[in-house]
Amino acid sequence: MASRCVRSIRSFGALGISALLLSGCSAGGPSFEASQDDLVGSWSNPKGARLVIEQGETFRAEKLTKAVAVQDGCAEALSSGKWLLLGDHTGVARTSDPQGSAIDLHPNGRSETLACSVLAKIAKDRAGINLCLVEDEDQTCAGGDLLRKAPPGRG
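Here is a short report on the structure shown in this document. (Residues numbered from 1 in each chain as written. Predicted model: local features only at pLDDT ≥ 70, side-chain atom pairs only at ≥ 80, totals over all residues. Heavy atoms only, no water.)

So, about the pairing of strand E7 (residues 102-107). Of all six residues in E7, five are buried, a share of seventy percent or more. Here strand E5 (residues 80-86) runs beside E7; their pairing, made up of six bridges, is antiparallel. Looking across to E7, one finds that Lys-82 is bridged to His-106. In this structure, E7 lies alongside strand E8 (residues 118-125), joined through four bridges in antiparallel fashion. (Buried < 20%, exposed > 50% of the residue type's maximum accessible area, 1.4 Å probe, protein only. Helix = DSSP H or I, 4+ residues; strand = E, 2+ residues; numbered from the N terminus. Pairing = 2+ DSSP bridges.)

This part takes up the nonpolar core. Residues Leu-39, Leu-51, Ile-103, Leu-131 and Leu-133 are the most contacted members of the largest nonpolar core, which totals 27 residues. Contributing elements (two or more residues each) for this core: strand E3 (50-54), strand E4 (58-62), helix H3 (74-77), E5, E7, E8 and strand E9 (128-134). Those residues within four positions of Ile-103 in sequence are excluded, and the remaining contacts are Leu-39, Ile-53, Trp-83, Leu-84, Leu-85, Val-118, Leu-119, Ala-120, Ile-122 and Leu-131. Ranked by size, the runner-up nonpolar core spans seven residues in total, among them Leu-86, Cys-132, Val-134 and Leu-146. (Core = buried A, V, L, I, M, F, W, Y, C linked by side-chain atoms within 4.5 Å. Contact = heavy atoms within 4.5 Å.)

See below:
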């Protein structure tokens, strides 16, 4: 009987680890519904990527390839553009008091640069809100890839 309990505990532990891996867990914590006020400001990571999210749904960026691998020619295209806050279930944030769990970053420029769009998944951990930049929503980030918001006056 004791061996059956040990086997059950081992099976349960393996199932729990599998569930965590399949759930898309990555650095950054669980998904977070952020407001526009939460997002506006300067974001960076230790590798040198920098993203400035501005009022009026525009952004400026430097060295985003230090946070996400992008297609050839997209690094320059992603130096500025428009952002759109995306909601969890509908894909588009509410118009009144908009909140969302992701930001779509669209580069300025010609129509062919639309293929360079990047998704910023919003999460929150003990260190606060963070952004995980991905080309595909199934991708995850390592801790050093996450963008964190600079404190006011330091952006």
